[in-house]
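Next come the chains, spelled out residue by residue.
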Amino acid sequence: MLKEFKEFALKGNVLDMAVGIIIGAAFGKIVSSFVADVIMPPIGLLLGKMDFSELFINLSGKPVATLAEAKAAGLPVIKYGVFFSTIIDFVIIALAIFLVIQQINRLKKAPQPAPPNTKECPFCFSAIPIKATRCPQCTSELKG
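These numbers were taken from a predicted model, which means no experiment stands behind them.

The rules behind each value
All chains use their own residue numbering, which begins from 1 and follows the written sequence. For a predicted model such as this one, the threshold for reporting local features is a pLDDT of at least 70, and the threshold for listing and counting side-chain atom pairs is 80 or more; totals across whole chains, interfaces and linings nevertheless cover every residue. In computing side-chain values, all of the structure's heavy atoms are included and hydrogens and water are not. A run of H or I in DSSP counts as a helix once it spans at least four residues, and a run of E counts as a strand once it spans at least two, with each numbered from the N terminus. To estimate the expected span of a helix, count its residues, drop one, and scale the result by 1.5 Å. Think of it in three bands: residues with accessible area under 20% of the maximum for their type are buried, residues over 50% are exposed, and the middle band is partly exposed, with areas taken using a 1.4 Å probe on protein chains only. Any Lys or Arg side-chain nitrogen found within 4 Å of a carboxyl oxygen on Asp or Glu counts as a salt bridge. Surface patches are drawn from residues lacking salt bridges whose relative accessible area is over 30%; two like charges belong together within 9 Å, two nonpolar side chains (Val, Leu, Ile, Met, Phe, Trp, Tyr) within 5 Å. Exposure was quantified through the Shrake-Rupley algorithm and a 1.4 Å probe, taking into account, for residues, occlusion by the shown protein chains and nothing else. By convention a nonpolar core is built from buried Ala, Val, Leu, Ile, Met, Phe, Trp, Tyr and Cys residues, the set being connected through side-chain atoms within 4.5 Å. By the convention used here, residues are in contact when the closest approach between their heavy atoms is within 4.5 Å. Counting rule applied: Lys, Arg positive; Asp, Glu negative; His and chain ends not counted.

**A short note on helix α4 (residues 80-108)**
- With 29 residues, α4 should reach 42 Å at 1.5 Å per residue; the first-to-last C-alpha distance of 42 Å fits that figure.
- Those residues of α4 lying buried are G81, S85, I88 and D89.

**Side note on the pattern of salt bridges**
- By the definition in use, this model includes one salt bridge.
- Of the charged contacts in the structure, one is a salt bridge between E141 and R134, with a shortest N-O distance of 3.0 Å.
- Residue classification places E141 among the exposed residues on the basis of a relative accessible area of 58%.
- You can call R134 partly exposed: its relative accessible area is 44%.

**Some thoughts on a nonpolar patch on the surface**
- Together, I57, L59, I78 and Y80 give the surface a local cluster of nonpolar side chains, amounting to about 360 Å² of exposed area.
- You can see L59 is positioned in the loop between β1 (57-58) and α3 (67-73).

**Quick notes on the nonpolar core**
- Core analysis: the biggest nonpolar cluster contains six residues, these being V31, V35, M40, F52, L55 and I88.
- Of the residues forming this core, the biggest block, three residues, is contributed by helix α2 (residues 12-46).
- Filtering out sequence-adjacent residues up to four positions away, V31 remains in contact with D89, I92 and I93.
- Judged by nonpolar contacts, the second largest core, of five residues, contains C121, I128, A132 and C135.

**Re the side chain of S140**
- When you line up the elements, S140 lands in the segment after β4 (127-129).
- Here S140 falls in the buried class, since its relative accessible area comes to 17%.
- Excluding its chain neighbours within four sequence positions, the residues that come into contact with S140 are F123, T133, R134 and C135.

**Quick word on the environment of V64**
- Along the chain, the position of V64 falls in the loop between β1 and α3.
- Taking relative accessible area as the criterion, V64 reaches 24% and is therefore assigned partly exposed.
- Separated by 28 residues in the primary sequence, V64 and A36 have C-alpha atoms spaced 24 Å apart.
- Setting aside its immediate chain neighbours within four residues, V64 contacts F56, N58, E69, A70 and L75.

**Quick look at the side chain of D89**
- On the secondary structure map, D89 appears in helix α4.
- Here D89 is buried and forms no salt bridge, its nearest opposite-charge partner K29 lying at an N-O distance of 13 Å.
- In this structure, D89 is in contact with V31, S32 and V35, ignoring residues within four places of it in sequence.

Here you go:
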């Protein structure tokens, strides 16, 4: 059983998948940082110096000023600002994956088929070279 598992784990597809997952996780962290540290601050500034990561709805009814206070008090909250940032993360990651797949599909396009080098004789319907002026099968003269 251990031998079979080793053969399975060392197959090319499994290793490729593992590398893809690791790179994907790292890419996700980069995008999360990009959204939180680069995209959201200017958007918050445009909307009146708003920090989206601090937006929340207090479900307990006890008054708190910040999300940190609510967390420290163990109060139930809906962190819709974090959710908004996560949606932006997802859209950016989905767009990046779409662009990568689109480029891969362009590279995979099937090569154009070669132009035909034969034509059909209109009299006997056999395949003959395109440049032929007479059919080798039925000896009919062919027009240009």
